[in-house]
Amino acid sequence: MKIKDIETLTQRWLSAGAISSEQADYIVADAKNYIADKSGVKFISAIMYMGATALSLGALLFIASNWEYMGDGFKVMLSFLLPLIPLIFAYWHIFIKQTDTVLAKAAHILGLVLVGGSIVLIEQIYNLQSDTPAVLWIWNLLTIPFLFIFKKSENIVFTTLLTGSAILFSMFDFFDKSRVGENVGIVLITIVTLLYAYLMYTIGGALRNVSLWEQGGRLLRIGGGIIASIMLFLMTFEWYARMVVSSHSHDYYRNYADPVSWQPLSVVLNLVFLGFLVFALFHATKYEEYQFAFSTVRLFGLYLLVKYFTLFYGMFEMSLFFIVGGILFIAGGWFLEKNKSVLVQYMKNNSQSVINNGPQQNYGQ
Amino acid sequence: MGRNKIMDSSMKKHGIFIGAILAIIIVLGGFIYTQETILRNGETTILKTRPVDPRDLLRGEYVILNYAISADEKVQKVAAGMPNESSLYIMLVEDENGIGYVSDVSTTRPASSKNALWITGEVSGGRVHLPTLEQYFVPEGAGYPIEKMRDDIHVEVVVKEGHARVKQLLDAQLNPIDPKSLLEKNK
């Protein structure tokens with residue numbers, strides 16, 4: 001919430017006689033301090049993570065460029081020490097010294113990144129060809145225990161990204177070796193991505209009421225929702241339906257071009273996307289993820305925009321195209337605005353029921 | 001009681017952390033041990049090669065090495081009919097200079113023998129690849145001078161029960177090439 005919103009709210013409470021002017025001053029002052037502290041920490045964290053990434057990349061590039069000048073023993077020792085030093089430093093800071101500083105957090109991420117760096121470095125020392133999927137899986141397996149040790153949201157993001165990359169690269173490798181057709185490959189990738197998004201959402205949902213993992217669970221749920229919505233949005237395009245119908249057919253070109261074969265599927269995929277948006281909107285408001293709820297409304301607007309240009313461009317004359325487009329966009333804007341008010345009203349009602357029934361009603365769902 | 005519980009949980013956490021660190025050491029150490037075993041206990045031979053296409057990737061600069069034994073007629077003939085990812089065993093015989101040439105090719109793994117020198121190849125697209133020998137990392141800027149030497153390059157490799165690793169690059173007179181010296185010459 002912005003400080004201006006808090007000032008408006010306190011003024012409203014003050015006018016309603018709900019709080020005194022001292023309380024209003026205290027709320028605004030405290031909110032200012034809190035927001036300043038929070039933004040400061042966020043900024044420092046961002047700088048630290050950027051630093052950790054730059055440092056790990058720099059260390060690896062320095063070693064890669066100068067490896068010829070280092071003795072073999074030194075290189076082997078480096079490959080061990082690279083990840084261990086930052087991980088031990090982070091553990092000592094967080095659990096022994098009990099100081100959960102941003103530096104310790106950055107060191108633990110640096111250590112996790114450098115586990116992968118060490119594997120690549122050893123491959124380089126022995127002139128081995130890199131097997132990317134194997135490297136990603138080994139890296140993932142070696143860093144998963146730290147997820148349960150540090151229990152940080154950053155670990156969840158790191159492991160989710162690494163697992164996703166490992167799955168994706170394993171699929172590319174499988175397609176390459178088994179010579180699967182490009183379109184079959186794309187269809188399989190979309191299915192696996194949707195399953196992965198579902199898994200993220202399910203795990204995130206299971207962690208909803210676990211206090212230590214609450215924030216990480218939220219990131220998983222939102223991440224899963226974002227991945228699924230992007231993927232389902234891409235699947236609404238005509239080329240995707242054409243590709244699916246032609247991927248398992250011997251008469252590839254006929255099926256690709258024949259509207260009778262791909263149009264029903266395209267309609268189904270568009271309906272699935274719209275159904276998903278309704279589902280996402282419902283769940284986002286149910287669990288008070290208002291930012292995500294508004295994002296789904298915006299995505300719906302983008303969907304309308306894209307569909308207008310892709311579906312009607314060839315059907316109308318240029319002038320008619322813009323006139324109809326203009327009317328549609330104004331109507332669409334009005335519709336979205338109206339939906340936003342409905343959504344805001346729904347959120348208000350939802351918050352009211354939470355106030356009336358007590359906060360535990362909302363968490364237990 | 002409560003204090004004991006906290007101590008237990010803390011000890012458990014220390015245990016998991018030490019276990020995770022040990023897992024990293026064991027996996028990386030095992031990886032290094034496998035490579036070192038081949039390099040220290042294997043037989044040494046020399047293979048004729050032609051370096052091509054120096055690459056500059058995040059991992060640093062390296063040259064891709066194409067081996068004469070991969071292009072050998074006997075090897076290509078056997079590989080042509082084999083499915084992808086299957087293994088092919090190239091038996092080598094050395095000439096008076098210690099350079100290895102193809103003596104025989106087999107699709108079945110040869111019996112271990114002290115005198116037999118053989119390399120395992122991998123078939124891909126009807127061609128034979130030697131995945132553990134085909135790249136050699138060099139200091140930045142040394143890839144191109146090595147590529148310019150073209151037909152004058154040999155590679156000293158160490159082979160143990162079919163597993164081969166690059167030891168060093170050799171010139172036409174079979175003297176070791178120091179990539180650092182090439183770099184200095186080109187400055």
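Residues numbered from 1 in each chain as written. Chains lettered and ligands numbered in written order. Predicted model: local features only at pLDDT ≥ 70, side-chain atom pairs only at ≥ 80, totals over all residues. Heavy atoms only, no water.

### Considerations on the overall build of chain B
Here comes step 1: Within chain B, the regular secondary structure consists of four helices and nine strands.
Here comes step 2: Starting at the N terminus and ending at the C terminus, chain B contains elements arranged as α-β-β-α-β-β-β-β-β-α-β-β-α.
Here comes step 3: Counting the 187 residues in chain B, one finds 43% classified as buried.
Here comes step 4: Within chain B, contacts between residues separated by at least 24 positions form 63% of all contacts whose residues are at least 6 apart in sequence.
Here comes step 5: Total accessible area computed for chain B in this model is approximately 10200 Å², and 52% of it derives from carbon and sulfur atoms. (Helix = DSSP H or I, 4+ residues; strand = E, 2+ residues; numbered from the N terminus. Buried < 20%, exposed > 50% of the residue type's maximum accessible area, 1.4 Å probe, protein only. Contact = heavy atoms within 4.5 Å. Areas by Shrake-Rupley, 256 points an atom, 1.4 Å probe, with all protein chains shown as cover.)

### Focus: the overall build of chain A
Here comes step 1: Summing up its helical and strand segments, chain A has 14 helices and zero strands in all.
Here comes step 2: A total of 365 residues make up chain A; the buried ones form 41% of that total.
Here comes step 3: In chain A, the share of contacts with a sequence separation of at least 24, taken over all contacts with a separation of at least 6, comes to 62%.
Here comes step 4: Accessible surface, chain A as shown: approximately 20600 Å² in total, 69% of it carbon and sulfur.

### Considering the interface of chain B and chain A
Here comes step 1: On the side of chain A, 37 residues touch chain B, which itself brings 38 residues to the contact.
Here comes step 2: For the pair chain B and chain A, the two sides together bury roughly 3500 Å², of which 70% comes from carbon and sulfur.
Here comes step 3: Applying the counting criterion to the chain B and chain A interface returns zero salt bridges.
Here comes step 4: Those elements that place two or more of their residues in the side of chain B that touches chain A are helix 1 (2-41), strand 7 (135-138), strand 9 (163-170) and helix 4 (179-185) of chain B. (Buried area = accessible area lost by both parts, 1.4 Å probe. Salt bridge = Lys/Arg side-chain N within 4 Å of Asp/Glu carboxyl O.)

### Notes on a nonpolar patch on the surface
Here comes step 1: Together, A:Phe74, A:Met77, A:Leu81 and A:Ile85 make up a nonpolar patch on the protein surface, roughly 370 Å² of accessible area in all.
Here comes step 2: Along the chain, A:Phe74 falls in helix 3 (residues 72-96). (Patch = residues over 30% accessible without salt bridge, like charges linked within 9 Å, V, L, I, M, F, W, Y side chains within 5 Å.)

### Digging into the packing of aromatic side chains
Residue and element names in this part refer to chain A.
Here comes step 1: All told, the structure shown has 18 aromatic pairs over all chains when counted by the stated rule.
Here comes step 2: Ring geometry for Phe146 against Phe150: centres 6.2 Å apart, planes inclined by 20°, an arrangement best described as stacked. Within this pair, Phe146 and its partner Phe150 are both found in helix 5 (residues 132-150), separated by four residues, close to a single helical turn.
Here comes step 3: Classification of Phe150 as buried rests on a relative accessible area of 4%.
Here comes step 4: When the ring of Phe273 is compared with that of Tyr303, the centres are 5.0 Å apart and the planes differ by 40°; the resulting orientation is tilted. Of this pair, Phe273 sits in helix 11 (residues 259-286) while Tyr303 sits in helix 12 (residues 290-312); the two residues are 30 residues apart in sequence, bridging distant segments of the chain.
Here comes step 5: Accessibility expressed as a relative area gives 0% for Phe273, which makes it buried.
Here comes step 6: A relative accessible area of 7% means that Tyr303 is categorised as buried. (Phe/Tyr/Trp six-rings, centres within 6.5 Å; stacked < 30°, edge-to-face > 60°.)

### Quick look at the confidence of the model for chain A
All names here are of chain A.
Here comes step 1: Confidence in the prediction of chain A, expressed as mean pLDDT, is 80, and 79% of residues score 70 or more.
Here comes step 2: Within chain A, the lowest mean pLDDT, 36, falls on helix 14 (residues 360-363), and the highest, 93, falls on helix 5.
Here comes step 3: Predicted confidence is poor over residues 354-365, with pLDDT under 50, and the contacts of this stretch with residues over four places away or in other chains come to ten contacts. (pLDDT = per-residue confidence, 0-100.)

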